[in-house]
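For reference, the chains in residue letters:
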Amino acid sequence: MSATPPVPSAAPGSGREAGRSTDPALAAGTGPDAEVVPDHDVRAVLAITAFRRLWLALALSSFGDWLGTFAKIGMAAGIAGGDHTRANLAVSAVIILQIAPAALLGPLAGALADRLDRRATMVVGDLLRFGLFASIPVVGTLTWLFVATLLIELVALFWGPAKDATVPNLVPRRQLEAANQVSLAATYGSAPVAGVVFIALTLLAGVLDGFVPALAGSQVNLALYVNAVTFLVAALVVARLDIPPRAPRREGARTSVWRDIVEGWRFVGRNRVLRGLVGGMLGAFAAGGVVIGLGRSLVRDLGAGDPGFGVLAVAVFSGLALGMWTGPRLLSGLSRRRLFALALTAAGGFLLLVGLVPNIVMAALFCLGLGACAGVAWVTGFTLLGLEADDEVRGRTFAFVGSVTRIVLVLVMAAAPALAALLGEHTLRFTAHHALTYNGAALTFGLAGLLLTAAGVLALRSMDDRPGTSLRRDLQRAWRERGRSAGERSGARPPWPGTFVALEGGDGAGKSTQARLLQAWVHEELGREVVLSREPGGTVTGVALREVLLLTKQPLDPRAEALLFAADRAQHVAEVLRPALERGAVVVSDRYVDSSLAYQGAGRALEQADVERLSRWATQGLLPDLTVVLDVDPATARARRGGDAGRGGDDRMEAESVAFHERVRRQFLDLAAREPERYLVVDASGAPEDVAARIRQRLEPLLGSSTTSAGTGPAGATAAPRPASQPATGASS
Ligand SMILES: Nc1ncnc2c1ncn2[C@@H]1O[C@H](COP(=O)(O)OP(=O)(O)O)[C@@H](O)[C@H]1O
Ligand SMILES: Cc1cn([C@H]2C[C@H](O)[C@@H](COP(=O)(O)OP(=O)(O)O)O2)c(=O)[nH]c1=O
């Protein structure tokens, strides 16, 4: 099965590939907050022709799969006739047949598929599915629908691993995660499209079947034919694909599938976090089983037919896609474990509402929320699974989770209609004229909602990584920082008591002058410990690097230059900034990360993302609480430098062209414009005291809120440890 339902092992870039990754950028994380810095540029990964084609084929097949699923469910219910129970059973049977093969034979088929030629496997697989889907309406019996469903899924069992295994051969490892994201978008994003197309086709078929005999009999025939054609097109696309030869497989990897499964099971059992994760995922899949198994029945009880079912399916899958795509970015600052558990709990709440509110429009809205929360849970759970599972057992863990979640799904789908029948219809009477009647399907939905909420709470209990920190405060903070880029996200600072201010701007803008004024104010007026430092050269090692960077007469390659600035910064953070912040000091740094982004990124025209990544790595994501950009035109700055007797002649940077310094200035302003809440731009052409007053005005609330920290008070205030070089004394150059 390749698209329905969302199961971890179905996606490219899942454990098997991730497990093989040796890219330090991808393998960096071992905990949920560990920094993973893959290249997320979606356009760049789709620019790889071979991957784009495979992706297109995946999108087509997924679209076909979803359309086929809706059509088969519709057809099963239609053939089964008006009897409620029979229709439910037929729908369940279709879905069980669709999922069971992967649950039971997934790992085995994966191992077999690895021995076949991948392109041939995919092409033959798509052709077979074309034939099978087309045959369903031609034969038109319930039995053949079941048989064809089973066969289609068996084919998909081989197609999926062939496709999954191909992706890492087409895409550099660094871009695997982006490839994963666009593949997910294709797999799940095609669901709402398929839902809309399904509705359109069923409505259209109603009009057409008078004219075209092949469409008569069932409204869903047209959908099945369209679906068959998508597989034909996908086969043609893959046939033209240029797949590089395969890397030899590790010996032993194909020995015993059974042992692999057992090992995966043991590993999960031993690890508290994985237990929470897998438990939560099972809860989510169980709830999914209820939705799929009883969705149609619920819709019917709400008085809507096939189109109504389509609407709810569109809502769920739109939400799913939305949640997967935007959710993790939206609350990027929140611990992933907490996000996972919260998303599960919220999904449970929505499910409960779907069951409780007997209105199709409200149900569609709640389904959207349900889908979105489930999408967030899916992506975070999936990522956590990859990060938590040790490299060598990761593939097996994914295989295990993939199989177990499917089995749970199947069992619940089979049990849900029975439970619904058992629960039967109940009427809540409020007054003589007001009453609400719930039938078994709605009650089962409500029950599943409660169970999912409980699963979320239990998951949080078992894997919370911030015990003692209020969840509400964490959420508020994450909400304030929502939508920041990956770079900024990892900059969410650990809760150290100090305050970090960086001063940025061109050479001669007045940074050193302002740093001294700031130091005096914080120390004398606020009575807090101040650490004044600078880059490059804030440490003994840094002073040596500074010599090379600014004074060398030898040519220095821009990349070497960027690396040396980053080396200086790494030492600076480790030796000066971090300890001071941990102590609770106010740290003022004359230049920081933004200087690299401006001088090496914009000035030297190195790739912005590379410079950013380098700095992030060097600083372990530490960003200032406030960055002050002293803005002045390069000519004025040059004139000031010329008038500064303490300086020697221009250094390597200062000697650069006017255009270079213009680019640097523009970049500082652009960076500030992107995040106004973390930046202050001051027109630095005014008098030093005016500039200082403006900075103080902005800093006052920031420093006021953290004056309770260690190291405050007059006694400790004078002991402002300096970095090895004493940048505060004299001009900084
Ligand atoms: N606002 C200002 N107006 C005029 N001159 C200034 C101002 N700020 C600083 N200067 C002078 O400009 C020169 C460079 O200042 P400095 O603080 O060393 O800049 P930077 O650290 O940004 O290179 C010094 O001679 C300083 O006295
Ligand atoms: C920190 C940093 C500085 N630089 C440059 C900017 C400055 O020209 C030089 C540091 O010189 P410095 O004399 O400390 O600055 P200023 O002239 O403003 O007082 O190094 C970079 O190019 N990248 C960086 O990451």
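Residues numbered from 1 in each chain as written. Chains lettered and ligands numbered in written order. Predicted model: local features only at pLDDT ≥ 70, side-chain atom pairs only at ≥ 80, totals over all residues. Heavy atoms only, no water.

- Identification of the protein chain as Thymidylate kinase from Kineococcus xinjiangensis is taken from an unreviewed UniProt entry.
- According to UniProt, the comment filed for the protein chain under the heading Catalytic activity (unreviewed entry) is "dTMP + ATP = dTDP + ADP". (UniProt positions renumbered as here; feature names shortened; annotations may be inferred.)

## Some details on the overall build of the protein chain
Thought 1: If you tally the helices and strands in the protein chain, you get 27 helices and 7 strands.
Thought 2: Per-residue burial for the protein chain yields a buried fraction of 53% across its 733 residues.
Thought 3: Partitioning the contacts of the protein chain with sequence separation of at least 6, the portion at a separation of at least 24 is 82%.
Thought 4: A total of about 30300 Å² of accessible surface is found on the protein chain, and carbon and sulfur atoms cover 62% of it. (Helix = DSSP H or I, 4+ residues; strand = E, 2+ residues; numbered from the N terminus. Buried < 20%, exposed > 50% of the residue type's maximum accessible area, 1.4 Å probe, protein only. Contact = heavy atoms within 4.5 Å. Areas by Shrake-Rupley, 256 points an atom, 1.4 Å probe, with all protein chains shown as cover.)

## A short note on the site of ligand 2
Thought 1: Contacts to ligand 2 come from 19 residues, most closely from D507, K511, R591, S596 and Q600.
Thought 2: For ligand 2, an oxygen atom lies 3.1 Å from a polar atom in the side chain of R546.
Thought 3: The separation between an oxygen atom of ligand 2 and a polar side-chain atom of E654 is 3.0 Å.
Thought 4: Calculation on ligand 2 without its partners gives an accessible area of 550 Å², and the protein chains cover 99% of this total.
Thought 5: Taken together, the elements giving at least two residues each to the shell around ligand 2 come down to helix 20 (540–551), helix 21 (558–583) and helix 22 (593–603).
Thought 6: Looking at the shell around ligand 2 element by element, the count peaks at 4 residues for helix 22. (Near = heavy atom within 4 Å. Polar contact = N/O pair within 3.5 Å; in protein donor to acceptor, adjacent residues only side chain to side chain.)

## Details of the nonpolar core
The tendency in soluble globular proteins is for nonpolar side chains to be buried as a group.
Thought 1: Within the largest apolar cluster, 98 residues are counted, with the highest numbers of intra-cluster contacts made by I136, F340 and W378.
Thought 2: Among the elements that make up this core, the one with the highest residue count is helix 14 (residues 360–388) (13 residues).
Thought 3: Those residues within four positions of I136 in sequence are excluded, and the remaining contacts are K72, M75, W144, L145, A148, I152 and L224. (Core = buried A, V, L, I, M, F, W, Y, C linked by side-chain atoms within 4.5 Å.)

## Focus: the sheet that holds strand 5 (residues 586–590)
Thought 1: Strands sit in the order 4-5-3-6-7 across an open sheet of 5 strands; the sheet is parallel. Strands at the two margins of the open sheet, each flanked by one partner only, are strand 4 (530–534) and strand 7 (679–683). The sheet shows a mean angle of 20° between the axes of neighbouring strands, taken without regard to direction.
Thought 2: Examined bridge by bridge, strand 3 (residues 499–505) and strand 5 share 5 bridges and lie parallel to one another. Each bridged residue has a counterpart across the sheet, and for V501 the counterpart in strand 5 is V588. (Pairing = 2+ DSSP bridges. Axes fitted to C-alpha atoms, helices over the stretch in contact; angles between N-to-C directions.)

## Some words on unusual backbone geometry
Thought 1: Of note, the bond from E535 into P536 is cis; its omega dihedral lies within 30 degrees of zero at -10°.
Thought 2: The backbone of R591 sits at a positive phi, close to 80°, despite the residue not being glycine.
Thought 3: Here R591 is to be found in the loop between strand 5 and helix 22.
Thought 4: The backbone of Q620 sits at a positive phi, close to 55°, despite the residue not being glycine.
Thought 5: Residue position: Q620 is located in the loop between helix 23 (608–619) and strand 6 (626–631).

## Comments concerning the pairing of strand 1 (residues 426–429)
Thought 1: Bridge count for strand 1 against strand 2 (residues 435–438) is 4 bridges, and the pairing is antiparallel. Residue pairing in the sheet places L428 in a bridge with L436 of strand 2.

## Focus: helix 16 (residues 440–463)
Given 3.6 residues to a turn, an α-helix orients residues that are three or four positions apart in the same direction.
Thought 1: Over its 24 residues, helix 16 runs 34 Å from end to end, which matches the ideal 34 Å to within 8%, given 1.5 Å per residue.
Thought 2: With a side-chain oxygen lying 3.1 Å from the backbone nitrogen of A441, the N-terminal cap of helix 16 falls on N439. (Expected span 1.5 Å × (residues − 1).)

## A few points about the pattern of salt bridges
Thought 1: For the coordinates displayed, the defined rule picks out 18 salt bridges.
Thought 2: Among the salt bridges present, the one from R604 reaches E656, with a minimum N-O distance of 2.8 Å. Of the two residues, R604 is situated in the loop between helix 22 and helix 23 and E656 in the loop between helix 24 (634–643) and helix 25 (658–674); the sequence distance between them amounts to 52 residues.
Thought 3: A relative accessible area of 19% places R604 in the buried class.
Thought 4: What makes E656 partly exposed here is its relative accessible area of 24%.
Thought 5: Note that R616 is salt-bridged to E612, the shortest N-O span being 3.6 Å. A residue pair is termed a helical-turn pair when its members lie 3 or 4 positions apart in one helix, as R616 and E612 do in helix 23 at 4 residues.
Thought 6: Connected via shared salt-bridge partners are E561, R604, R652 and E656. (Salt bridge = Lys/Arg side-chain N within 4 Å of Asp/Glu carboxyl O.)

## Some points on the packing of aromatic side chains
Thought 1: All chains considered together, the criterion is met by 7 aromatic pairs.
Thought 2: On the basis of an interplanar angle of 50° and a centroid distance of 6.3 Å, the ring pair of F70 and F317 is categorised as tilted. Of this pair, F70 sits in helix 4 (residues 49–80) while F317 sits in helix 12 (residues 306–330), placing them 247 residues apart in sequence. The two residues F70 and F317 agree in class, both being buried.
Thought 3: Centroid distance Y599 to F660: 6.2 Å. Interplanar angle 55°. Geometry classified as tilted. Taken together, the residues span a long stretch of sequence, with Y599 in helix 22 and F660 in helix 25 at a distance of 61 residues.
Thought 4: Three or more aromatic residues joined by ring pairs form one cluster here, namely W66, F70, F198 and F317. (Phe/Tyr/Trp six-rings, centres within 6.5 Å; stacked < 30°, edge-to-face > 60°.)

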